[in-house]
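Observations on chain architecture
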Amino acid sequence: MEIPASFKSKIKDTFYDKEITPYKKTSTVDTDGFAHDTMSTKGTSFYGNVQYGNLAELQDQEGIKIEADLLITTDAVVELGDILKYGNDYYRVKRFLKYDSHNLIACDKWQEK
């Protein structure tokens, strides 16, 4: 059974209230041979529902074992390795699961180098 777009829209309007900004890291080497990393936004921000830390409830409900610092449910699509900023912290996408009604993004905290 396919979930109607109107239902997905209601989910988005009700639960996706946290702003997440995708970033990309670009490495360049200057004329002296030193590497420099710069961060810039990648596309536009999206909204999702955010959960921290202990994901035991998800593991019990879904039977999925995920160890992650941040879990996001959203309708946005990201790629593995993408860097996302939520609040004042950066996170690297380590897992992306697509469900009928939403996408699940698992991230680990990432320190800008």
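Let me sum up the structure you'll find in this document. (Residues numbered from 1 in each chain as written. Predicted model: local features only at pLDDT ≥ 70, side-chain atom pairs only at ≥ 80, totals over all residues. Heavy atoms only, no water.)

Some thoughts on the overall build of the protein
- When you go through the protein residue by residue, the secondary structure sums to 2 helices and 7 strands.
- Listed N to C, the secondary structure of the protein is α-β-β-β-α-β-β-β-β in terms of helices and strands.
- The buried share of the protein, reckoned over its 113 residues, is 32%.
- Approximately 7,500 Å² of the protein is accessible, and the part contributed by carbon and sulfur atoms is 48%. (Helix = DSSP H or I, 4+ residues; strand = E, 2+ residues; numbered from the N terminus. Buried < 20%, exposed > 50% of the residue type's maximum accessible area, 1.4 Å probe, protein only. Areas by Shrake-Rupley, 256 points an atom, 1.4 Å probe, with all protein chains shown as cover.)

Considering the environment of isoleucine 3
- In this fold, isoleucine 3 is placed in the segment before helix H1 (5–15).
- Judged by relative accessible area, isoleucine 3 falls into the buried class, the value being 19%.
- Residues isoleucine 3 and aspartate 100, spaced 97 residues apart in sequence, show a C-alpha to C-alpha distance of 6.6 Å.
- The residues contacting isoleucine 3, other than those within four sequence positions of it, are Lys8, Asp100 and Ser101. (Contact = heavy atoms within 4.5 Å.)

Details of the pattern of salt bridges
- Under the criterion given, the structure shown has 6 salt bridges.
- For aspartate 17, the salt bridge is made with lysine 18, and the minimal N-O distance between the two is 3.1 Å.
- Using a relative accessible area of 46% as the deciding quantity, one classes aspartate 17 as partly exposed.
- Accessibility expressed as a relative area gives 28% for lysine 18, which makes it partly exposed. (Salt bridge = Lys/Arg side-chain N within 4 Å of Asp/Glu carboxyl O.)

Structural notes on the pairing of strand E2 (residues 35–41)
- Pairing geometry for strand E1 (residues 18–29) and E2, over 7 bridges, is antiparallel. Along E2, the bridge assignment pairs lysine 25 with methionine 39. (Pairing = 2+ DSSP bridges.)

Some details on the side chain of threonine 74
- Along the chain, threonine 74 falls in strand E4 (residues 70–74).
- Of the polar contacts made by the side chain of threonine 74, one reaches the backbone nitrogen of alanine 76; its length is 3.2 Å.
- Setting aside residues no more than four positions away along its own chain, threonine 74 makes contact with Tyr16, Phe46, Tyr47, Gly48, His102, Asn103 and Ile105. (Polar contact = N/O pair within 3.5 Å; in protein donor to acceptor, adjacent residues only side chain to side chain.)

Take it as geometry only, folks, not as evidence of what the structure does.
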